[in-house]
Amino acid sequence: MSDLFERGIGVKVLEGIAAGKHTERSLIIDLALALAEDRRRDIVRKTKDGFEAGGRRPVVDDNKRAAILARRQRGESIRTIAAGVKVSIGVVHKALTAAQAEQRP
């Protein structure tokens, strides 16, 4: 941020303890940066702990996978399948790609 201020660029903080427009470093900006850094470290630690404890549960169980494949067989679009099964479009793509890979020798 110091580099931005030296070049005459102001920073507008939208929310939090440092909300407002700033044109130079101040104690409040430094405090907000320190809090953000601490929060980020906490998120990284919790994410790492979660993966070590067994990782993320799969979004698609066997029933959803079967529904995705059946709907695609009927010619439904990926968007329609995602909405109907209540998963993201990316999850549908992943399930279809995995099913295609399983069918290949």
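This text follows the structure it describes.
Predicted model, so just to flag it, every value in this text is computed and none were measured. (Residues numbered from 1 in each chain as written. Predicted model: local features only at pLDDT ≥ 70, side-chain atom pairs only at ≥ 80, totals over all residues. Heavy atoms only, no water.)

Enquirer: Where do I start with a nonpolar patch on the surface in this structure?
Expert: A surface patch of nonpolar side chains, about 330 Å² in accessible area, is lined by Ile17, Ile28, Leu31 and Leu35. With respect to the element layout, Ile28 can be found in helix α2 (residues 27-52). The exposure class of Ile28 is partly exposed, given its relative accessible area of 34%. (Patch = residues over 30% accessible without salt bridge, like charges linked within 9 Å, V, L, I, M, F, W, Y side chains within 5 Å. Areas by Shrake-Rupley, 256 points an atom, 1.4 Å probe, with all protein chains shown as cover. Salt bridge = Lys/Arg side-chain N within 4 Å of Asp/Glu carboxyl O. Helix = DSSP H or I, 4+ residues; strand = E, 2+ residues; numbered from the N terminus. Buried < 20%, exposed > 50% of the residue type's maximum accessible area, 1.4 Å probe, protein only.)

Enquirer: Which parts of the structure should I look at to understand the packing of helix α4 (residues 78-85) against helix α5 (residues 89-103)?
Expert: When two helices pack together, you describe them by how their axes are tilted relative to each other and by the distance separating the axes. Two elements in contact, α4 and α5, have axes separated by 8 Å at closest approach and are oriented at 105°. With respect to α5, the element α4 is oriented roughly perpendicular. Listed contacts from α5 to Ile78, Arg79, Ile81 and Ala82 of α4 are Ile89, Val92, His93 and Leu96. (Axes fitted to C-alpha atoms, helices over the stretch in contact; angles between N-to-C directions. Parallel < 35°, antiparallel > 145°, perpendicular 65-115°, else oblique. Contact = heavy atoms within 4.5 Å.)

Enquirer: Looking at this structure, how should I read the nonpolar core?
Expert: Soluble, globular proteins show a tendency: their nonpolar side chains are buried together. Membership of the largest hydrophobic core is limited to ten residues, which are Ile68, Ile78, Ile81, Ala82, Val85, Val87, Val91, Val92, Ala95 and Leu96. Mapped onto this core, the elements with two or more residues apiece are α4 and α5. Not counting chain neighbours up to four residues away, the residues in contact with Ile68 comprise Val60, Ile81, Val85, Val87, Val92, Ala95 and Leu96. (Core = buried A, V, L, I, M, F, W, Y, C linked by side-chain atoms within 4.5 Å.)

Enquirer: Mind showing me how you'd approach the environment of Ala70 here?
Expert: Here Ala70 lies in helix α3 (residues 62-73). By relative accessible area, which is 33% here, Ala70 ends up partly exposed.

Enquirer: Would you mind showing me how to read α2 here?
Expert: For α2, spanning 26 residues, the distance from its first C-alpha to its last is 37 Å, which sits close to the expected 38 Å at 1.5 Å a residue. Of the residues flanking the end of α2, it is Gly54, one or two places downstream, whose phi is positive at about 135°. (Expected span 1.5 Å × (residues − 1).)

Enquirer: Help me out: how do you make sense of α4 in this one?
Expert: Listing the buried residues of α4 in full gives Ile78, Ile81, Ala82 and Val85. Buried residues of α4 fall within an arc of 100° about the axis and therefore sit on the same side. Relative to its buried face, α4 has exposed residues pointing more than 90 degrees away, namely Arg79 and Ala83. (Arc of directions from axis to C-beta.)

Honestly, that's just the spatial picture; any functional story needs more than this.
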